[in-house]
Each structure stands twice: as C-alpha cells, then as structure tokens.
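Structural overview
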Amino acid sequence: MTSFARHVRFSFRLLGKNPGFAAIAILALALGIGPNTAIFSVVYASLLAPLPYPHPDQLVMIWSSIKGSRDQVSAADFLDWKRQASSFQEMAAACGIEFNLSSAQEPQYVEGERVSTNYYKLLGEKVRMGRDFRSDEDQPGKDHVFILSYRGWASRFGADSQAIGKQFRLNGEPYTLIGVLPPGPADRSGLDLWVPLRFSQPELARGNTWWYVTGRFKAGTSLPQAQQEMNVIARRIGALYPDWNKGLGARVEPFRNRFLNPGTRTNLWLLLGAVSFVLLIACVNVANLLLARGVARQRELAVRTALGASRSQLYFQLLAESLTLAVTGGVVGTLLGVGLLKVILVILPPGMLSPESDVRLSLPVLLFTLAITVFSGVLFGCAPALQARKVNPQEGLKQGGRSAMGAGHPLLRHALVVIEFALALTLLSGAALLVHTFLNRTHVDLGVRTDHILTFYLPVPQSRVALAAQTETFYSELLVKLQAVPGVRQAAVSTDTPLDSANLEMPFSVVGKEAPSRSLQRDAAFQVVTPGYFQTFGVRMTRGRVFGPRDTASAPKVAVVNEAFVHQFLGSADPLSQRLSIEQLRNGILALGPRAEWQIVGVFHDVQNGVRLGEAKSPQIFVPFAQSPWPQSTVSVLTAMEPEKMLKAVAAAVHSVDPNLPLANVKTMDQLVYENFTGDRFGMALYGSLAGIALVLASLGIYGVMSFTVAQSTAEIGLRMALGASSADVLRRVLGRGLSIAGLGVGFGFIGTYFIGRAMESMLYGTGVLDWSAFSAVAALLFAAALLACYIPAHRASAVDPIVALRQG
C-alpha cells in the first residue's frame, strides 16, 4: 500500500506537469462516466432497487387472464379469490375514481382511487399523519372518509395539520380527512386521494372488469405455488359461471411489474447498453492518448529500468497513473451525471416509470460509478502498462530522445481508432433510426382535424346525474350554451378524444355469430358520441350516415364502425346489413340483463385511437350519446379563433349550467398530438445526445492519432519533399491514411448497425432493421468528421519545411 500510495502521488505530479493531456483525458472519461451514472440511476430505481415496502418479495399483482393477455378483474372474481385462496395473507382491490373538491375559490378536479380498507396494511405503508382506514369503513354510512398523498396535502391544503379530522365536500357530499401518506410512491403516482372501497350492486357483475388486485404471500409461499393455486380457483369459478368465466384464468406477477410496460424495460436496458458504448469509446480514446504519451516516455522508462526498476514496478506505476486519471475523471463524471439526471427527469414522459421508482443518486449508483471508474482505469491502462514491460533499456538509452519517438505500436493505435469509429457508427445509426421513425410517425393520417379544437373533461358526479335522462338533459343544455358562445363553430360530447379513444373496450358479437361464452367474445374500442362529433373533428364517412337528431333514446339503436372493424370482423359482408349485440351502458355502468342490438348505419375512415401513432388502428364502435348516456365525458369545441383564447368564455358557459364543475385536463388537440410524441422525443434526445458524444470522441481520437503520426513522421515527410513530393502529395497521403482508418471503422460499424437495429425493432415504425438511407447519412457524417479531424494535421504536414524537418531527423 505504501508503494501504491507513492505511485499515486507521482501520478498526480505528472498530471500537473501535463495539464493539456490531463484535461483532455479527464473530459473524455467524464463524458463516458457521466451518462452511465445518470442512466444507471434510472435503471436501478426502475428495475433493480428493492421496493419501498416490508418484505417486497411477497407482494404480487393478480390479473384476469384470457388468451395469454392480462386484464383487470371483476369484483365478483376478486371476492371469490379472496375467500378461496390460502397462499395469501391479504388481498386488496383498487379502482380509479375522480372527485370534485369544493373550495372557496373554484372547484378542483382530484384524481384518486377507491381501495380496500386493508390496502395500506397489505403494502406495509403507514400514514404520516392521522390514521389508516378501519376495517368497517367499507360499510354504508362509514365510508365517507379519505386519505391524502403528502403532495395533495401540501398543494391543496397548504400542509395544514389542522385539516386532519375536518370535513370537506367531495362530489357534493361531506367526507372527513383522516390521514396523510408519507412522501414517496403516492406522490409519484399522479393520484392525490383515496377513499374506502364499497362495491355497489351493479359493480358485482362479473362482466365489470375494472379492478386491480394486489396480494401478499404468506411466509414460505413462492410465486409458482400461488400461481398453481390460482389456476385451480380460476377453473373452479369457470365451471360455476361458464357464461362469464369460461376460459378465464388468473395470472400472478411480481408487484414491481404491475404497470411497467415491457417495452419500457427493454428500452431502459438498451439505453444502458448505449451509454456503455460511450464509455468504451472514451476508454479507447484515453488508451490511445496514453499509448502516444508512452512512446514519448520510452527514454524515461529505459532510465528507470537501467537504475534497477523491475518490469512489474513499471507496470504498476503506469497502471496507478491510469487509475488516478480514471478516478479524477470519475469524480467529474459523477458531477456531470447529477446534472444529466436532472435533465432526464425533466424530459421523462409522465407515467413512463412506476410510482415506486425513486430516481436519484443513491449509494448503489455511486458504487456502480466507482466500479465502472476502476474498470475504465484498468481497461485503458493495460495497453500502455503492457507496452512499458517490453521496454529495452539498451535500445532506449542508445537511441536518445528524438529517435526513440519512432518506437511504439502504430497498428494498435490505429486499431483502437477503428473500434471507436465502429462504436460511434453503431450509436449514430440507432439515433438515426429513431429520427426516421419520428418523422414517419409525424406523417401518419390521424383521420381527424386537430387545429382550433379545445378539449376538456367533465367529472360530473353520479349524484348529479343519477338517471340516464338527467345525463342526456345536462349535456344537451351544455351543448346549447356552448354553441351560443361567440366564436364557437361546433361542440360535441364523447367518452374520449380521438387520440385516446381505446380506453373503454366492450365485448360484442355480430348477431348470428355469437361466441360460446361471454368471456370469449371479441372486444372493440367503444365510444359514445353526440352527432356534432363528426363535424367537430372532421371524421370522414366512407359508407352510410352519421348520427342525427332522430337517433334519440326511444329510436331504434344504431351504431357506426370504423374501417378496421369491418376489415377485422365483417370481411366481405355488407356492414350496413349487420347488427351488433352489446351489453348496455346504463348511465355509466355496464349492466347485466338483456343485451341490446345495434344496427350498423355507417362506416367511418379510421381515426387514430389509443394505439401508438402509426400502429394498426383498433376496431371501433360509435353509438349515439342519447341512446347510451355517459356522465363523465369529454367535451370538444371547434373554435373560429385560437382555442386558448376561448377558454374563459367556454368555462363560463359550463359554470352557467353547473358552477361546481371543474374543467379537467384542458388541452387543445394540437397539444394532445404533441404529447403523443413525448416518448419518441425522449428516445431521440437521449440516443441523439449519446451519439453526439460518441461522434466527438471518435473525431478527437482520429485527430490525436493523425497528429501524433505526423509528429512521428516529420523527418520522413521532409525527405519526401526534398526528393520532389509536393505539398498536395503530402496532404493527400496523410488524409488518405486517416480516411482509410475511418473507412475500416465504418465497415466494422455496419455489423453493429444491424444488431442495434434488431435490438430496437420494437421501437421502429416505417423503417427496417437496416435502413440504408439512415446508414448512408450517418456514415457520411462520420467521414465528414474524420475528414475535418484529419485535415488539420495533414495541412500541418504539407507545410513542413524540408530543411528543418531533415535537421530534426
């Protein structure tokens, strides 16, 4: 250790004597280590960190499963599971809910959940203030209590501790605030309020699969054991209720995976692989710098050997220098990583990570940074250290300072630059594929107009519109008020906006082609719309008609479907002669009872719905709002001027109908389209930044090699020019050597381009794994960077004075 400490002190003195070399090497390492630190912080928090609950390995999600796909659970199935399963300590259900919170200023829209009273006991999370739900608070008359997130308590109640125990009006009814959760997952969930879950009679229908079910194993139970038991229970329920549960299974999954998209997990690992490439390029760059510097130090190393230093001592001295350089670069890289992490958290798409993902610079992340720092130091330090072990003291002392510069391993340095260019091309190709995908998505036909449309959501309480007739009356009056506002050209009500219209899926059958059981019926995205919807969004009809004033509640039930529905379910049959059998929506509730038949009266051009832009459109069914009223709906207003300028007038029209209603999620359609590209922009920003760093490092690498080569070859260049070579000949020779190195890198990078295309295949749209236009563009960019990097040393070589050069030789 004493010897190593002496080596480290000597290393710092050497770095101080060569500040230019030290600055370049430390910057290169920081550019490699910083992004790794930032991305690993996200990966660790999302995929590797233990969940912030006691015994997290016991927590699972339990889903309904049919045909290999998971789905939410019906209340009846949840209650059966809870009674029959012996593998679990606890089971709890949850479902999203919206509230209008009355306040002195204006009503506030609050998103929350209805949860089983044992939900927080199951998770093992204790309230920060107040108390948890009691077991009897799921009973009528006792369920008007609520718990707030810490964020909600601070933002909506000013962090007032006196608010605990007070009553507040939610959806017009008195509720008592009994507790506040600690800061953590609840704050990152986007939800603010939780109330006890009490199932209503209609909700107990087995067709109402609205619930998320969480479970905690008993000690000693494994996931396979629990899955086996749930399979038995699911088959038993299927035999008892074949109409609804035939073919319906249960899937037990780790709690961590509950809402994290599998594509997100893949993308996070890909990002970590990409930043590893950047670190590898940085290490190759520094190794090249150290090799060049090692050639210049051969006389020094020869003297050390002559004075008795062993080859092992020289090896460890140079390795200590590399580690010193790496640690310094690691410190700077960590500081850079902190800044990059803040930027990533700002541009991170909302809801991309699970609420349990606490992304920060934690101890495991710092240990990871230390590990890659040490690894980097050993990696780029091995080549010069091994080179030092081969020093011949007699040759080094005999040749002297100048001619000793001709020693070294130019082929190794050139090979390292080839590796840099191959890795840089791989990253650039990945970024180019994402750019091409983004451009392709921007040209997708949405099927609707997006300009001059203002949208907002109305969380109308069920108590306000208890009957279907009340719902229809409320929205009819609202539409009359809105269309009377100056500047409003058209207004419509629907369950969702076009870009998000696959949230409500309904099982259906074509009359005459019924499925053997309801659980095996096909599903389609279901929308309830007023007649003005088609004019507001400019939806094009390809056959039949749109809804009109005569499609009232008492008129024959009618529906329109999209082209994707016809193609997938009706084939060559005339769609206007088909009828659909669908469970009725009774004022916001999927009700049991006689199924209604809906005559198809029109087919509309595919509208972009809740799938990613460019992906195949989902089959859709539209029915008239008057024939299936839905209380909590979206209002869309087509305006003659900029929609933002109409907001106050539109809000006044809404409040003239009901002053206690907040306008929630107020956005223009252009904003919704912009938000739809958030994930694409995030990927482009990260991969593009990493590719840019790789391009800079690769350019610096070839510049350094060519500069060193020119310095090594000064005497040779002078001799060639003295024998008649022109400056242009020298320029072409040096440029040719540099570009040949870059060309080899591009050639090997083509292999990496293929593999990164395969890895990113799920993220691409409108482009193949090998996109020749993207590959050609990035290859041309790399060649241009190499040409620029080589030109400076080539120009310097062409300007050499032959006499001066020969004297130096």
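You'll find the structure just up there.
Calculation rules
- Residues numbered from 1 in each chain as written.
- Predicted model: local features only at pLDDT ≥ 70, side-chain atom pairs only at ≥ 80, totals over all residues.
- Heavy atoms only, no water.
- Helix = DSSP H or I, 4+ residues; strand = E, 2+ residues; numbered from the N terminus.
- Buried < 20%, exposed > 50% of the residue type's maximum accessible area, 1.4 Å probe, protein only.
- Contact = heavy atoms within 4.5 Å.
- Areas by Shrake-Rupley, 256 points an atom, 1.4 Å probe, with all protein chains shown as cover.
- Pairing = 2+ DSSP bridges.
- Salt bridge = Lys/Arg side-chain N within 4 Å of Asp/Glu carboxyl O.
- Phe/Tyr/Trp six-rings, centres within 6.5 Å; stacked < 30°, edge-to-face > 60°.
- Core = buried A, V, L, I, M, F, W, Y, C linked by side-chain atoms within 4.5 Å.
- Axes fitted to C-alpha atoms, helices over the stretch in contact; angles between N-to-C directions.
- Parallel < 35°, antiparallel > 145°, perpendicular 65-115°, else oblique.
- Left-handed = near helix turned anticlockwise from the far one by under 90°.
- Arc of directions from axis to C-beta.
- Patch = residues over 30% accessible without salt bridge, like charges linked within 9 Å, V, L, I, M, F, W, Y side chains within 5 Å.
- Nonpolar A, V, L, I, M, F, W, Y, C, P; charged D, E, K, R; others polar.
- Polar contact = N/O pair within 3.5 Å; in protein donor to acceptor, adjacent residues only side chain to side chain.

The next thing to look at is the overall build of the chain. Across its full length, the chain carries 24 helices and 23 strands. In the chain, which comprises 809 residues, the share counted as buried stands at 54%. Restricting to contacts in the chain with at least 6 residues of sequence separation, those with at least 24 account for 82%. Surface accessibility of the chain: about 34,800 Å² in total, with carbon and sulfur atoms responsible for 60%.

With 10 of 14 residues buried, strand β4 (residues 88-101) is to be regarded as a mostly interior element. The pairing of β4 with strand β11 (residues 209-217) spans six bridges and is antiparallel. Of the residues in β11, the one forming a bridge with methionine 91 is glycine 215. Strand direction decides the pairing type here: β4 and strand β5 (residues 108-115), joined by eight bridges, are antiparallel. Each residue of the ladder has a partner; that of cysteine 95, found in β5, is arginine 114.

In the structure shown here, the tally under the stated rule is 24 salt bridges. Linking arginine 156 and aspartate 192 is a salt bridge whose minimum nitrogen-to-oxygen distance equals 3.2 Å. One end of the pair, arginine 156, is in helix α5 (residues 150-157); the other, aspartate 192, is in the loop between α6 (185-188) and β10 (193-196), and 36 residues separate them in sequence. What makes arginine 156 partly exposed here is its relative accessible area of 23%. Residue aspartate 192 is classed as buried on the basis of its relative accessible area, which comes to 5%. Put simply, Arg131, Arg134, Asp136, Glu137 and Lys142 are held in one network by salt bridges that share partners.

Turning to the packing of aromatic side chains, a few remarks are in order. Following the criterion strictly, the structure yields 30 aromatic pairs and no others. Between the aromatic rings of phenylalanine 40 and tyrosine 44, the centroid separation amounts to 6.0 Å while the plane-to-plane angle is 35°, which identifies the pairing as tilted. Of this pair, phenylalanine 40 and tyrosine 44 both sit in helix α2 (residues 19-48), four residues apart, which is roughly one turn of that helix. Relative to phenylalanine 622, the ring of phenylalanine 604 lies with its centre 4.5 Å away and its plane at 25°, an arrangement referred to as stacked.

As a further point, take the nonpolar core. One broad trend across soluble globular proteins is that nonpolar side chains are buried collectively. Counting 115 residues, the largest nonpolar core has Phe380, Tyr687 and Ile702 as its most contacted members. Ranked by residues supplied to this core, first place goes to helix α9 (residues 262-296) with 16 residues. Residues in contact with isoleucine 702, not counting those within four places in the same chain, are Val417, Phe421, Gly738, Ala742, Ala786, Ala789 and Cys790. In this structure, Met506, Val623, Met646 and Val654 belong to the second largest nonpolar core, which totals 47 residues.

Across the interface, helix α3 (residues 75-84) lies against helix α7 (residues 223-240) with an axial gap of 11 Å and an inter-helix angle of 125°. With respect to their mutual orientation, α3 and α7 come out oblique. In terms of crossing hand, the pair formed by α3 and α7 is right-handed. Across the interface between the two elements, Asp77, Asp80, Trp81 and Gln84 from α3 touch Glu229, Met230, Ile233, Arg236 and Ile237 from α7.

Of the residues making up helix α18 (residues 647-657), those classed as buried are Val650, Ala651, Ala653, Val654 and Val657. Buried positions in α18, seen along its axis, are confined to an arc of 155° and lie on one side of it. For α18, the elements touching its buried residues are β13 (453-458) and α15 (468-483).

As a further point, take a nonpolar patch on the surface. Taken together, the side chains of Val338, Leu361, Leu363, Leu366, Leu367, Leu370, Val374 and Val378 make up a nonpolar region of the molecular surface, amounting to roughly 630 Å² of accessible area. With six residues, the single largest contributor to the nonpolar patch is helix α12 (residues 363-389).

For the rest of this paragraph, the subject is the pairing of strand β14 (residues 488-494). Of all seven residues making up β14, six are buried, and the element is well covered by its neighbours. Direction of pairing for β14 relative to strand β22 (residues 633-639): antiparallel, over a ladder of six bridges. Its bridge partner lying in β22, serine 494 is registered against threonine 634.

Relative to each other, α15 and α18 sit at 145°, their axes nearing to 9 Å. The handedness of the crossing between α15 and α18 comes out as right-handed. Residues Phe474, Glu477, Leu478, Lys481 and Leu482 of α15 form the contact with α18, whose participating residues are Val650, Ala653, Val654, Ser656 and Val657. Residues of the contact of α15 with α18, tallied by class, amount to seven nonpolar, one polar and two charged.

This brings us to the side chain of asparagine 171. For asparagine 171, the location among the structural elements is in the loop between β8 (167-170) and β9 (173-180). A distance of 3.5 Å separates a polar side-chain atom of asparagine 171 from the backbone oxygen of glutamate 98. Within the local environment of asparagine 171, its side chain forms a polar contact with the backbone nitrogen of asparagine 100, the two atoms lying 2.8 Å apart. Other than its neighbours up to four places away in sequence, asparagine 171 contacts Glu98, Phe99, Asn100, Pro461 and Ser463.

Along the chain, the position of isoleucine 419 falls in helix α14 (residues 410-442). Given a relative accessible area of 39%, isoleucine 419 falls into the partly exposed group. The spatial distance from the C-alpha of isoleucine 419 to the C-alpha of leucine 744 is 8.9 Å, given a sequence separation of 325 residues.

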